[in-house]
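Single-letter residue listing:
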Amino acid sequence: MRKQIAAANWKMNCTYQQGEELLDNILGAQIALADHQQVVFAVPFPYLIMANSEVADEKNYFIAAQNCYNKKSGAYTGEVSAEMLHSIGIKYCVLGHSERREYFQESNSTLAEKLDLCLEYGITPIFCCGEPLSIREAGTQNSFVEVQLRESLFHLSEAVISKIVIAYEPIWAIGTGKTATSDQAQEMHAHLRGVLAKQYGPVLANTVPILYGGSVKANNAADIFGRPDVDGGLVGGASLNASEFIAIIKALK
Ligand code: PEP
């Protein structure tokens, strides 16, 4: 079975102490994950080492950075490289979240460079894509998201495409309380898998986990995750509440 992942995106929330308590509460629930299930916490940079030591003895629990820079090293004050993340044992990195695309002008080509660096250092990128409301209303979401994949991912070889995770996050559903229906999520995920299949063949396309993100909560996770092409979720707001996120983890297939 494909990897099923519940990924928490804390964004710029929680003090160090609050973050530690949140992790303790979630890990304290001692949810045993099956071999194909994973939980990932994308935490702010200053908490990566603490969070990584919290999950060190837990099977299939991992820590992610929320971003990295698109250069290997050098005079880029304030930035964090993939090599630095690797050097502290980080296994995942969220790339291309819509907030980074919007507030930090991250382009598809910049993201392609970040993907390459993460893969070079053995870090699994969680590559975010998704359309704004205007595109959804115009009915052109499929081609919009296809271009995001084409321009950021399609330079990758067959050998590495199965090492990435995609998160489809319709921007109109992020932090708005407005969730895509499970039909809308399934429809887009099947489209994305088809796009991957055209480029890499159906066998490889079938290995890539595609997460849904956008107002996933305890009360809708099982419905959304239950669809055949939805392999879990990238969760913002609800991941900051231990009991909500515990229920979301339990909703994984
Ligand atoms: C996100 O930030 O990736 C996200 C999906 O946020 P929320 O769950 O709050 O909509």
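This text goes with the structure placed above it.
Residues numbered from 1 in each chain as written. Predicted model: local features only at pLDDT ≥ 70, side-chain atom pairs only at ≥ 80, totals over all residues. Heavy atoms only, no water.

Asks: So what exactly am I meant to see when it comes to the overall build of the chain here?
Replies: A count of helical and extended segments in the chain gives twelve helices and eight strands. Each principal axis of the C-alpha atoms in the chain carries an extent, and together these give about 45 × 45 × 35 Å. If you take every contact in the chain between residues at least 6 apart in sequence, the share linking residues at least 24 apart comes to 73%. Of the accessible surface of the chain, which amounts to about 10,800 Å², a share of 52% is contributed by carbon and sulfur atoms. Of the charged side chains in the chain, 20 are positive and 27 negative, and the gap between their average positions amounts to 4 Å. (Helix = DSSP H or I, 4+ residues; strand = E, 2+ residues; numbered from the N terminus. Contact = heavy atoms within 4.5 Å. Areas by Shrake-Rupley, 256 points an atom, 1.4 Å probe, with all protein chains shown as cover. Lys, Arg positive; Asp, Glu negative; His and termini not counted. Charge placed at Lys NZ, Arg CZ, Asp CG, Glu CD.)

Asks: Sorry if this is basic, but what is going on with the nonpolar core here?
Replies: With 72 residues, the main nonpolar core has Phe41, Leu149, Ile166 and Phe245 as its most contacted residues. With six residues, helix H9 (residues 182–200) is the largest single contributor of residues to this core. For Leu149, the residues in contact, after removing those within four places along its chain, are Phe127, Cys129, Phe154, Ile166, Leu192, Val195 and Leu196. Formed by 13 residues, the second largest nonpolar core is a distinct cluster that contains Val40, Ala42, Val94 and Ile126. (Core = buried A, V, L, I, M, F, W, Y, C linked by side-chain atoms within 4.5 Å. Buried < 20%, exposed > 50% of the residue type's maximum accessible area, 1.4 Å probe, protein only.)

Asks: Whenever I open this one, the site of the ligand confuses me. Can you help?
Replies: With respect to spatial proximity, 14 residues lie near the ligand, and among them Lys11, Glu169, Gly175, Ser215 and Gly236 are the closest. At 3.4 Å, a side-chain N or O of Asn9 approaches an oxygen atom of the ligand. Burial of the ligand by the protein chains amounts to 97% of its free accessible area of 290 Å². Residues that form the shell around the ligand fall into these classes: four nonpolar, eight polar and two charged. (Near = heavy atom within 4 Å. Polar contact = N/O pair within 3.5 Å; in protein donor to acceptor, adjacent residues only side chain to side chain. Nonpolar A, V, L, I, M, F, W, Y, C, P; charged D, E, K, R; others polar.)

Asks: I would appreciate a short explanation of the side chain of Lys114 in the present structure.
Replies: With respect to the element layout, Lys114 can be found in helix H5 (residues 108–120). In contact with Lys114, other than residues within four places in its own chain, are Asn67, Cys68, Tyr69, Asn70, Leu95 and Glu106.

Asks: Where do I start with the sheet that holds strand E6 (residues 165–168) in this structure?
Replies: Two pairing modes exist for strands in a sheet, parallel and antiparallel, and in both the strands are linked by backbone hydrogen bonds. What the eight strands build is a closed barrel, ordered E1-E2-E3-E4-E5-E6-E7-E8; its pairing is parallel. Looking at each pair of strands side by side, their axes are set apart by 25 degrees on average, direction ignored. Alignment of strand E3 (residues 61–65) against strand E4 (residues 92–95), held across two bridges, turns out to be parallel. Paired with Ala65 across the bridge in E4 is Cys93. The strands that helix H12 (residues 242–250) touches are strand E1 (4–9), strand E2 (37–42) and strand E8 (232–235); relative to E1, the one it contacts most, it runs at about 160 degrees. (Pairing = 2+ DSSP bridges. Axes fitted to C-alpha atoms, helices over the stretch in contact; angles between N-to-C directions.)

Asks: Can you help me understand the pairing of E1 in this one?
Replies: Taken across its six residues, E1 has six buried, putting it largely inside the fold. Side chains Gln4, Ala6 and Ala8 of E1 all project onto a buried face; the interleaved residues Ile5, Ala7 and Asn9 project onto the opposite face, where all are buried too. Note: E1 against E2, six bridges, orientation parallel. Bridging across to E2, Ile5 finds its partner in Gln38. As a crossover connection, the stretch from E1 through helix H1 (residues 16–28) into E2 is right-handed. Pairing of E1 with E8 involves four bridges; the strand directions are parallel. Bridge assignment links Ala8 to a residue of E8, and that residue is Val235. (Right-handed = clockwise from strand over helix to strand, strands pointing away.)

Asks: Sorry, what's going on with the environment of Gln38 here?
Replies: Mapped onto the elements of the fold, Gln38 is located in strand E2. On a C-alpha basis, the gap between Gln38 and Lys59 in space is 8.4 Å, while along the polypeptide they are 21 residues apart.

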